[in-house]
Amino acid sequence: MVEQLKRILAEENPKQPYTDENLAQLLALRRERVIELRMSLGIPDSRERLKAQLIAACIPLLKEDPDQSVRHLTTVLQQEGYSISRYLVKIVRDEIIDGNLSTCAEREKLIVGKAIVSPSAGKAPSIDNHQIPSPIQPMQTLTKAPFDEGFDSIIGREGGLLTQVNQAKAAMAYPPKGLSTLIIGPSGTGKTYLAEAMYRFGVQNSILKQEAPFIAFNCADYADNPQLLMSQLFGHVKGAFSGAAEDKKGLVETADGGILFLDEVHRLPSEGQELLFYLLDKGEFRRLGDSGSVRRVDVRVIAATTKPPESSLLLTFRRRMPMVITIPPLSERPLKERYTFLRHFFYEEMRKLNQKIVVKAEAVRILLTYQCPGNVGQMKGDIQVACAEGFLARMVQQSDEVNITPALLEKMKPDMNQIGGDVGKLNHYTREIIFDPESAHDVMNGSVHDGADTLMTEEPPTIYEVIQTALNEAVHLSADDETRMDAVKVQIDAHLRALQSRYVDVPNPSKENVWDSIVDAQTITTVDHALTFIKPQFPRLDANIRSILAVHLDAVVKSLAMGSYLRNTELAQTAKNFPSEYAAAVLMIKQISNELNLTIPGEEAAIVAMYLKAYSSGKTGGRIRVIVLTHGQVGKAMADVANRMLDVNNAVGISMELDESVDSAFERVCNVVVSIDEGQGCILLVDMGSLVSFGQKITERTGIKVRCVARADTLMVLDALRRANLGEDYSVDALAQALEAGRSYGIHVPEGDFTGKPPVLITLCITGEGNARNIRNVLETSFPGIKGNIEMIELGLFDRNQFLERINTLQKTRDITAIVGTINPDLPGIPFFSLDYVMTGHGTLALSNLLSQRTQLKVRLSDLVRPDITLCNPQATSKNEVIDLLTGKLVEAGYVSEGFLLSVYKRENLGDTCLDVGIAIPHGDNAEVIKPGIAVAKLEHPLYWSAGLVADCVFLFAIDEQCGDYIEIFYQKIRDEKWIESLKKASSEVEVLRLMQ
């Protein structure tokens, strides 16, 4: 990746260098990772690289005419291909004239402070003597930097952050090797940037070498896997743990000679903190699994946390972080600094859009006083969203400028406590601000404030383009009409939410005010009249349809007026597919045409009909409520994301602390069920199978129907909400079954009694019965017990009418158990298994369970105990070695993810997993299971397991909820003393596998 980055930068246009965002897209990496790589190589950011080129280009121009204006110089450079503003040219020109050629990067989120005074200021330097910097070189200054350089761009460095900046300087400059530093502050306050500024300060003042690395690491990324976290930090030797195939250098070694920045250090486990304070004490460490001599490094450690250190960090670790810097939240920063942030963020958006932005005075007032719990980071995001909404309005209204009005900030509630009640200062800053790319400055009350330069970005698509694209894609989508309408609705709603959404912690804004400011008032009124006209026929239209129809109709009217209307000839089937919706749409178009005194093309009725279909619901009464229960905060996040994506408020997230008892969680869930039930029952989505029993228990306790579904993820929550809220008529049982089926790639197994008719399994291929016969052969090979236990019939789907006749004929005399094939025929009441899914571990089990229910086909342990995960007399001398070895086999064969090992050890800490018959049954979290399997180790000698129990054989279970029959078979086996004795005497894997038959 490093070499690829070097190659890309070597080939970039030096007059328009790549930004970190551009590089992140080209390398398919996160922007933070790009910055980390770039800084580790000592490569400056895009603005600094561009600045280096500008210096080289400006020197000969100034040599010819030292008195030429910045405007003229900018024009000449733009003609040469530079994408720049006069502001950046002015900086370069002044530095050349003053003799200060600093290459200090003016990073994002900050505003350039007062001019840097060169040691040679006041002298008349010769342009000929200037050294021209290379476009790609380590972060350094070409002349001696002032002692505050590195922090000179930080907002508040001489105000609200004066103490913090002085602490940071002292920590870096303290002899002989500085002080380890802990930065404390809420999210979004700039802890990471302060650490980067400390690094720049160290390099520019020769405290660190020019090539010194800056390595950033977020401890939260690996918090659930301490072993992997330790490996990332300290490295490991080959064989240190399962999956360690070769020696690996850790970040501590990579940061040698520089700075290691540990973000969210409170997520570092205690053993990691112990290793780290040994490193801080001695400068020594060992890689994981290394028993050799210690390694020595010279590294400075800066850590950051959002938590109180007393409650999250070991005392011994805190003592080794003598410099503690606390960053205040935005609400505690001076109003002047908040205003400076506001100006800077709007200037950034102006540069991206290359459009004039006008921020109304009242909008400025709101942004200076609203509650901003996410601090500077949230403020930047809120301003970006306001600009996006304003930009959309400009596109629709064909205006020349982006207007930021109070209506776009309606969600932000002013709070005078945010400014300490200083109304006088607030009134001083409450002025309209204009950001104009033509003059490259923002204007307030006639005074000029220079901004900052950057490259342009591509404009986002308009709402009409999104709508038209969604419709076109729906027409060509190979699916039924209902599915096509769902696809249209998802795309359009997603775009609406993107325009109207803000931060999770703030309620949704009023949509009407937003769209009223975008679409012509007469168009809105006309749409309202048309919707009122058809409301008796469609009583439960989604409220979003008002905005969709208004924006669409507004675009149609404008395109007709401009002569750019494009006819869509591919919607002819709409009238036939949606007759009632089409009939209503025809009447709506007629009424709209009359009110607007304009002939709307008749084909628009087809598009309106599609909207009516997509945004209507026939469901009445209360909803099935959706509850998401998980360990940690994941459940709340999934519920919130799903609610926002579907624009509903149905899902409720409940967090269960890792040390919380099951009884406590049960009581809390019961209370939530009682408080939110609307008479239709609740679906409880949980992250672990151990919580599945809650459903029946809650029903017994409360009398409210509750069904539980395990292994929830965001997609499952979305599916549950879609089915519960968007018009599909489900009972709680049917919804739970649909979600279980959806998790199994859409398989639906109907409930109810069997018919008593002979079962039959259909193999199906669209190309004919020949290929269906090949599918049958595959099934007979994969399911040895299937042949002779169930009749199998091959069918083709080339002629659907003929296929349906065959199915009807078969159902008169047989019970069609399932269809396995390459295409879903969509037959109600008959489960379909795709061939690809059947070939996965989950699919094999799902089909086996179904067949065992309806036929004499029996499941066997050998379905899960496979040769690639079976060992006889392995070289293992301890319980941990056996677990590591078996988990390694499961990972290698693709049964589980690497996180499975940690979950096994967590389960071992809860209690004994060894039975008194000499059989150990360790197991891990089924969320880490990719495909079910049981790894087996028949041991040569008994191993101590726990509490006086020894194990002769170990069965490591990697299973899910579909494996209940196999668990029952296993317990039947171990109750058989002869079977256990035979297993203990087995001398090869073949004998072990034979006993599993």
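Residues numbered from 1 in each chain as written. Predicted model: local features only at pLDDT ≥ 70, side-chain atom pairs only at ≥ 80, totals over all residues. Heavy atoms only, no water.

The name an unreviewed UniProt entry assigns to the protein chain is Sigma 54-interacting transcriptional regulator, from the organism Fusibacter paucivorans.

**Q** Help me get a handle on the overall build of the protein chain, residues and values and all.
**A** Check the secondary structure of the protein chain and you find 39 helices and 24 strands. When the 997 residues of the protein chain are sorted by exposure, 52% land in the buried category. Residue pairs in contact within the protein chain that sit at least 24 positions apart in sequence constitute 73% of those at least 6 positions apart. When the accessible surface of the protein chain is split by element, carbon and sulfur atoms take 51% of a total near 44800 Å². (Helix = DSSP H or I, 4+ residues; strand = E, 2+ residues; numbered from the N terminus. Buried < 20%, exposed > 50% of the residue type's maximum accessible area, 1.4 Å probe, protein only. Contact = heavy atoms within 4.5 Å. Areas by Shrake-Rupley, 256 points an atom, 1.4 Å probe, with all protein chains shown as cover.)

**Q** So what about the sheet that holds strand β13 (residues 625-631)? Which residues, and what values?
**A** The parallel open sheet is built from four strands, whose spatial order is β14-β13-β15-β16. The open sheet has two edge strands with one neighbour each: β14 (651-656) and β16 (706-709). On average, each strand axis in the sheet is tilted by 20° relative to the strand beside it, whichever way the strands run. Lying on the sheet, helix α27 (residues 662-676) is in contact with β13, β14, β15 (682-686) and β16; it crosses β14 at an angle near 165°. (Pairing = 2+ DSSP bridges. Axes fitted to C-alpha atoms, helices over the stretch in contact; angles between N-to-C directions.)

**Q** A description of the pattern of salt bridges should follow, citing residues and the corresponding values.
**A** For the coordinates displayed, the defined rule picks out 18 salt bridges. Between R333 and E337 there is a salt bridge whose closest N-O contact spans 2.6 Å. Across this residue pair, the class does not change: R333 and E337 are buried. One salt-bridge network, held together by shared partners, links E253, R287, D290 and R295. (Salt bridge = Lys/Arg side-chain N within 4 Å of Asp/Glu carboxyl O.)

**Q** Hey, could you go over the nonpolar core for me, with residue numbers and the actual values?
**A** Within the largest apolar cluster, 35 residues are counted, with the highest numbers of intra-cluster contacts made by F346, I357, M379 and I404. Per-element accounting of this core gives the leading share, nine residues, to helix α14 (residues 335-353). Core analysis: the next-biggest nonpolar cluster, separate from the first, contains 30 residues, M230, V252, L288 and L313 among them. (Core = buried A, V, L, I, M, F, W, Y, C linked by side-chain atoms within 4.5 Å.)

**Q** Now, about the pairing of strand β3 (residues 259-263): what can you tell me, with residues and values included?
**A** With respect to burial, β3 is a largely interior element, five of its five residues being buried. Where strand β2 (residues 214-218) and β3 come together, five bridges link them in parallel fashion. Along β3, the bridge assignment pairs I215 with L260. Sheet topology places β3 next to strand β6 (residues 300-305); four bridges connect them, and they run parallel. Note that in β6 the partner of F261 across the bridge is I302.

**Q** Let's hear about the sheet that holds strand β17 (residues 759-765): which residues, and what values?
**A** One open sheet holds the four strands; their spatial order is β18-β17-β19-β20, and the pairing between them is parallel. Among the strands making up the open sheet, the edge pair consists of β18 (791-796) and β20 (832-834). Taking the axes of each pair of neighbouring strands and ignoring which way they run, one obtains an average angle of 25° across the sheet. Relative to β20, strand β19 (residues 815-821) runs parallel, the two being bridged by three bridges. From the neighbouring strand, G821 faces β20, where its bridge partner is S834. Of the strands in this sheet, β17, β18 and β19 are in contact with helix α32 (residues 800-813), which crosses β18 at around 160°.

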